Amino acid sequence: MIPTQHSINTPYPVGEVHCYSTELGGELTLFDTGPPTEAAKNHLRQHLDLPRLQHIIITHCHIDHYGLAAWLERETGATVYLPYRDSLKIARHTERLDRLVALLGEIGFDDDYLNLFRADMDNDTVFPEFPKRFKIVEKELPAELGIAVLPCPGHSQSDLVLTGPDWAVTGDVMLRGIFQSPLLDVDLLTGRRFGNYAAYCETIVKLATLRDRQVLPGHRHHIESVDNNIRFYVGKLLERAARISRSPLELPVATLVRQLFPEIEHPFLIYLKASEICFMRDFLANPQRLQQSLEQIGLYPELAELFQRATGANHGSSHRQ
């Protein structure tokens, strides 16, 4: 049975978010929770039999997807499962924020911006309350639920795709008509910058395995085609990389953000644009990695012209290079 979609309005620019519920082995299970708002609480009260809720599985810990996890834990006693990398962010929040601020300083942001960014990231409007007794999706999800877990870093390093027999809950990994670059972040497993470009190249290959499943996205109501989504995402990446490629490499990312997006003032939105530019520059430094992924899933030929425009080179098959 395909999980039921619950569409919940959010106060964020992304608009409404989708959560999904279903019976797995006779146990009521919820994928993602919606934002920490009274409207979202009321929606779940009206559309779910909360006393029966036993499992809450989070695709990634962004506020619109896990914002009610702690409340639901208290209200229902259900077990909350969080992605492993998000659990590291919870346990090592201060360390992660220190390292991320240092990383932003390395790419040219001044102390005034860094102080604003730190304050913005250190309040509960970005990270609401976490559940107290959560378990780890990748390690502790009960086998009897029959869910396969596919780590798919893309939107964030924590993103998980959760698959049933003929469906896949994809969080923010597969969004129709929405382009988003992976976030600049610190890899707490290594202490270095998370390699989101390399990770997303691997994720594209994993997403192609969903071609025969019904995709249940975190935003927008449906996905017509996995291939169409990959084409859209990579096409936008290449268009924007072509724009970035015209800027001198020695130009700091912070300077480039100010030049390209002078209208943006909010610290977090500036951070998103800095993430995008870092991601594009990683691509431009090694376009063959993405090309190989697209060749592996059969989508490179139709994107070859965009590759040439973005990189200024004529890329044939990467296997012949």
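The preceding data block contains the structure.
Reading the values: the criteria
Residues numbered from 1 in each chain as written. Predicted model: local features only at pLDDT ≥ 70, side-chain atom pairs only at ≥ 80, totals over all residues. Heavy atoms only, no water. Helix = DSSP H or I, 4+ residues; strand = E, 2+ residues; numbered from the N terminus. Rg over C-alpha atoms; globule rule 2.2 N^0.38 Å. Buried < 20%, exposed > 50% of the residue type's maximum accessible area, 1.4 Å probe, protein only. Contact = heavy atoms within 4.5 Å. Areas by Shrake-Rupley, 256 points an atom, 1.4 Å probe, with all protein chains shown as cover. Lys, Arg positive; Asp, Glu negative; His and termini not counted. Charge placed at Lys NZ, Arg CZ, Asp CG, Glu CD. Pairing = 2+ DSSP bridges. Right-handed = clockwise from strand over helix to strand, strands pointing away. 1 Å grid on protein atoms, 1.4 Å probe; cavity = no way out; pocket = protein on both sides within 12 Å on 5 of 7 lines; lining within 4 Å. Points joined across faces, edges and corners; volume = space filled by probe spheres on them. Nonpolar A, V, L, I, M, F, W, Y, C, P; charged D, E, K, R; others polar.

Caption draft 1: Region of interest: the overall build of the chain. Within the chain one finds 13 helices and 12 strands. Computed over the C-alpha atoms, the radius of gyration of the chain is 20 Å, within 12% of the 20 Å expected from 2.2 N^0.38 for a compact globule of 321 residues. Taken along the three principal axes of its C-alpha coordinates, the chain extends 60 × 45 × 35 Å. A buried classification covers 55% of the 321 residues belonging to the chain. Within the chain, residue pairs in contact and separated by at least 24 positions form 71% of the contacts whose partners lie at least 6 positions apart. Here the chain has roughly 14,200 Å² of accessible surface; of this, 49% comes from carbon and sulfur atoms. Here the chain carries 32 positive and 41 negative side-chain charges, and the mean point of each set is 3 Å from the other.

Caption draft 2: Broad picture of the pairing of strand β4 (residues 53-57). For β4, the tally of buried residues reaches four of five residues, placing the bulk of the element in the interior. Across four bridges, strand β3 (residues 27-31) lies against β4 in parallel orientation. Of the residues in β4, the one forming a bridge with F31 is I57. Tracing the backbone out of β3, into helix α1 (residues 38-47) and back to the parallel element β4 gives a crossover that is right-handed.

Caption draft 3: Highlighting the environment of L48. Positionally, L48 belongs in the loop between α1 and β4. What makes L48 buried here is its relative accessible area of 9%. Along the backbone, L48 and L97 are 49 residues apart, and their C-alpha atoms lie at a distance of 36 Å.

Caption draft 4: Local environment of the layout of surface pockets. Put simply, the largest pocket is a space of about 1,200 Å³. Around the largest pocket, the lining comprises 35 residues; the ones closest to its centre are P13, H155, F268, L269 and L272. For the lining of the largest pocket, the leading source of residues is helix α11 (residues 267-285), giving six residues. Class assignment for the residues of the lining of the largest pocket results in 17 nonpolar, eight polar and 10 charged.

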